[in-house]
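One-letter residues, chain by chain:
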Amino acid sequence: MNDRDTYVTRPHPPGEIAAALEGTRLTAAHRRGKSMWVETDRGPVLGLHLGMTGRIVIDGEEAGDRRRGTDRPGWDRFVIEFEDGGRLALRDMRRLGRAVLAPAIDRLGPDAAEVDRRTFRERVGRGTAPLKARIMDQAVIAGVGNLLADEALWQARLDPRRPAGSLSEDELDRLRREIRASARSAIRRGGAHTGRLIPERHPGGHCPRDGVELRHAQVGGRTTYWCPADQH
DNA sequence: ACCTATGTTGATAC
DNA sequence: GGTATCAACATAGG
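Residues numbered from 1 in each chain as written. Chains lettered and ligands numbered in written order. Predicted model: local features only at pLDDT ≥ 70, side-chain atom pairs only at ≥ 80, totals over all residues. Heavy atoms only, no water.

Draft legend 1. Local environment of the packing of aromatic side chains. Across all of its chains, the model carries zero aromatic pairs by this definition. Over the ring of Tyr-7 we find Arg-10; its NZ or CZ atom is 4.4 Å from the centre of that ring. In this arrangement the basic side chain of Arg-209 is found over the ring face of Trp-154, its NZ or CZ atom lying 4.1 Å from the centre. (Phe/Tyr/Trp six-rings, centres within 6.5 Å; stacked < 30°, edge-to-face > 60°. Lys NZ or Arg CZ within 6 Å of the ring centre and 35° of its normal.)

Here it is in structure tokens:
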């Protein structure tokens, strides 16, 4: 076990996670939104999060998509070596990922790909914050990041700047449907970058539906692209 | 060279 | 409590 990277294991001191995990057996793996965690047969729970650029690497093989510049072994920040020779690493260029004991899963909302209609209406359809900020709040629903938010809002034809509390039930239902579809598609195909809007998500990009040039601005503190013609 | 951008999240201040 | 802003990181590109 190597947990000496002081940043991805914050706030644990070096060696603490190793001491808790050595000699245990990993018995189950879970995911909710962008958070993952594994259980052990002696109690400790290990939380894993990929941050922006993280990948899980099993026996040298990267899981998920394999985009440019993600694959240097030198970026392995946290590594578990198993007795049978297996190896699990958190490979993360920017080190914004994390590996922690007892992750605070209870602070997450329901998974964005699974949330039911009633729960979605109650949790998302309130407040004055921009709609995009609301769906990206992991305590409201878990799993929507910056790219997936732009994709789903575009699919649902909703303006990201609208106050979340201003949506009708029909609009909320439409948004839930597109978030679930986008999240499931991203999981199946290996990333939100496989969506339809995302390739146009750059200055000068155009709406794939009507060809209108996309607008971009900061919404909820994040760079946001949307079609001024059909997102309301 | 310098400034900006970036699939995220948390601490902090109104 | 809800909302907005900024820092933490490492690299790429104009």
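Draft legend 2. Focus on the side chain of Arg-176. Relative to the helices and strands, Arg-176 is located in helix H5 (residues 169-189). As a buried residue without a salt bridge, Arg-176 has its nearest oppositely charged side chain in Asp-173, at a separation of 5.5 Å. In this structure, Arg-176 is in contact with Val-115, Asp-116, Arg-117 and Phe-120, ignoring residues within four places of it in sequence. (Helix = DSSP H or I, 4+ residues; strand = E, 2+ residues; numbered from the N terminus. Buried < 20%, exposed > 50% of the residue type's maximum accessible area, 1.4 Å probe, protein only. Lys, Arg positive; Asp, Glu negative; His and termini not counted. Salt bridge = Lys/Arg side-chain N within 4 Å of Asp/Glu carboxyl O. Contact = heavy atoms within 4.5 Å.)

Draft legend 3. Up close: helix H4 (residues 146-155). Most of H4 is tucked away: eight of the ten residues are buried. Of the residues making up H4, those classed as buried are Asn-146, Leu-148, Ala-149, Asp-150, Glu-151, Ala-152, Leu-153 and Trp-154. The inward-facing, buried residues of H4 abut helix H3 (131-136), H5 and strand E10 (222-226). At the C-terminal side of H4, Arg-157 shows a positive phi close to 60°.

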